[in-house]
Amino acid sequence: MLLLAIDTALDACAAGILDTGTGQLVAHESLPMKRGHAEALMPLLARVMAQSGIAFSALDRVVVTTGPGSFTGLRVGLSAGRGIGLAAGKPVVGVTTLAAYAAPVVTRSGEAPIIAAIDARHDHVYFQAVSGNGTSLQRPCVVPIEEAIEAARFGAPYLVGNAANLLAARWPIDAPQPVAIDEQAAPDIAWVAWLGAAVDPQTALARPFYLRAPDAKPQASLMGSLDQAQPAP
């Protein structure tokens, strides 16, 4: 399977093409950025596609991060992914940023619980906890940092995400201490692609994954165009 993965939900603009047959990224690029995803994404996609030598029509699937993350950023990626899917007649799937952060750790954390955390500002985090084998311990939610660190009850965790250091700084001194603190500005695009290969297109929809209302509202025309668009079957 050939997949195009796109991530603009957090502090990077990234894309990559995964060949699941060889287990390798054929081409990829990631630019760190806090804003400007709309201007950067299409030229980046053009470079990745040119580097790969693969046509959009040869793709089997497009995968896009759905959030949580920057409201404006994730809509940029979702709009691009849906547009490519519609034009090329390919299914478009979505994966969450929390899952993309946790996925690579599941393969190497042993028995340690994994806490994926994203800075939600205002002393809150987007938060999800899974066991070392990937079993859910805490469904995705947005909570105050003080509530998130109650996850110490699961045992000494592996902290990952762009809020890993935020949690580590507030971790209770009398609780089992984190086995690792893995601060990342954005998920690895390779794992976004691998998750996209594993999900069911009928259920993993390419729609924004919100855990709370956005601080800013998009123009009505953007909302309408994105919410009415449907990925190709």
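Rules of the game
- Residues numbered from 1 in each chain as written.
- Predicted model: local features only at pLDDT ≥ 70, side-chain atom pairs only at ≥ 80, totals over all residues.
- Heavy atoms only, no water.
- Helix = DSSP H or I, 4+ residues; strand = E, 2+ residues; numbered from the N terminus.
- Expected span 1.5 Å × (residues − 1).
- Buried < 20%, exposed > 50% of the residue type's maximum accessible area, 1.4 Å probe, protein only.
- Axes fitted to C-alpha atoms, helices over the stretch in contact; angles between N-to-C directions.
- Left-handed = near helix turned anticlockwise from the far one by under 90°.
- Contact = heavy atoms within 4.5 Å.
- Nonpolar A, V, L, I, M, F, W, Y, C, P; charged D, E, K, R; others polar.
- Core = buried A, V, L, I, M, F, W, Y, C linked by side-chain atoms within 4.5 Å.
- Salt bridge = Lys/Arg side-chain N within 4 Å of Asp/Glu carboxyl O.

Positionally, L78 belongs in helix 2 (residues 71-88). When the C-alpha atoms of L78 and Q51 are compared, they prove to be 22 Å apart, with 27 residues separating the residues in sequence.

Moving on, we come to helix 2. Helix length check: helix 2, at 18 residues, gives a terminal C-alpha distance of 26 Å against a target of 26 Å (1.5 Å per residue), a fit within 8%. All buried positions along helix 2 are accounted for by F71, G73, L74, R75, V76, G77, L78, A80, G81, R82, I84 and G85. Of the residues one or two after helix 2, G89 is the one with positive phi, at around 70°.

Note the cis peptide between G67 and P68, where omega equals 0°. By the secondary structure assignment, P68 is in the loop between strand 4 (61-65) and helix 2. Non-glycine residue R121 carries a positive phi angle of around 65°. Residue D123 is not a glycine yet carries a positive backbone phi of 65°. Locating D123 in the fold gives a position in the loop between strand 6 (114-121) and strand 7 (124-130). A relative accessible area of 42% means that D123 is categorised as partly exposed.

Turning our eyes to something else, we now look at the packing of helix 1 (residues 37-52) against helix 2. Remark: helix 1 packs on helix 2, axes separated minimally by 9 Å, with the N-to-C direction vectors making an angle of 35°. When you trace helix 1 past helix 2, the crossing you get is right-handed. For the pair formed by helix 1 and helix 2, the contact residues are H37, A38, L41, M42 and L45 on the first element and G73, V76, G77, A80 and I84 on the second. By residue class, the composition of the contact of helix 1 with helix 2 is seven nonpolar, three polar and no charged.

Moving on: the nonpolar core. One finds L4, I6 and L45 to be the most contacted residues of the largest nonpolar core, which totals 41 residues. The element that contributes the greatest number of residues to this core is helix 1, accounting for six residues. Leave out the neighbours within four places in its chain, and L4 touches A15, G16, I17, L45, M49, F56, L59, R61, V62, V63 and I84. Counting residues in each nonpolar core, the second largest holds 18 residues, with V125, F127, C141 and L159 among its members.

Take the pattern of salt bridges next. Where charged atoms from two side chains of opposite charge come close, those side chains can pair. Under the defined criterion, the tally for this structure stands at four salt bridges. One salt bridge in this structure joins K34 and D11, with 3.0 Å as the shortest N-O distance. Taken together, the positions of K34 in the loop between strand 3 (24-32) and helix 1 and D11 in the loop between strand 1 (2-7) and strand 2 (12-19) put the pair 23 residues apart, joining distant regions of the chain. Classification of K34 by relative accessible area gives exposed; the value is 61%. The partly exposed category is assigned to D11, whose relative accessible area is 23%. Of the charged contacts in the structure, one is a salt bridge between E29 and R47, with a shortest N-O distance of 2.8 Å. Pair noted here: E29 is in strand 3 and R47 is in helix 1, with a separation of 18 residues, a long-range link. On the basis of relative accessibility, which here comes to 39%, the residue R47 falls in the partly exposed class. In the salt-bridge network here, residues are joined through shared partners; they are D123, E146 and R170.

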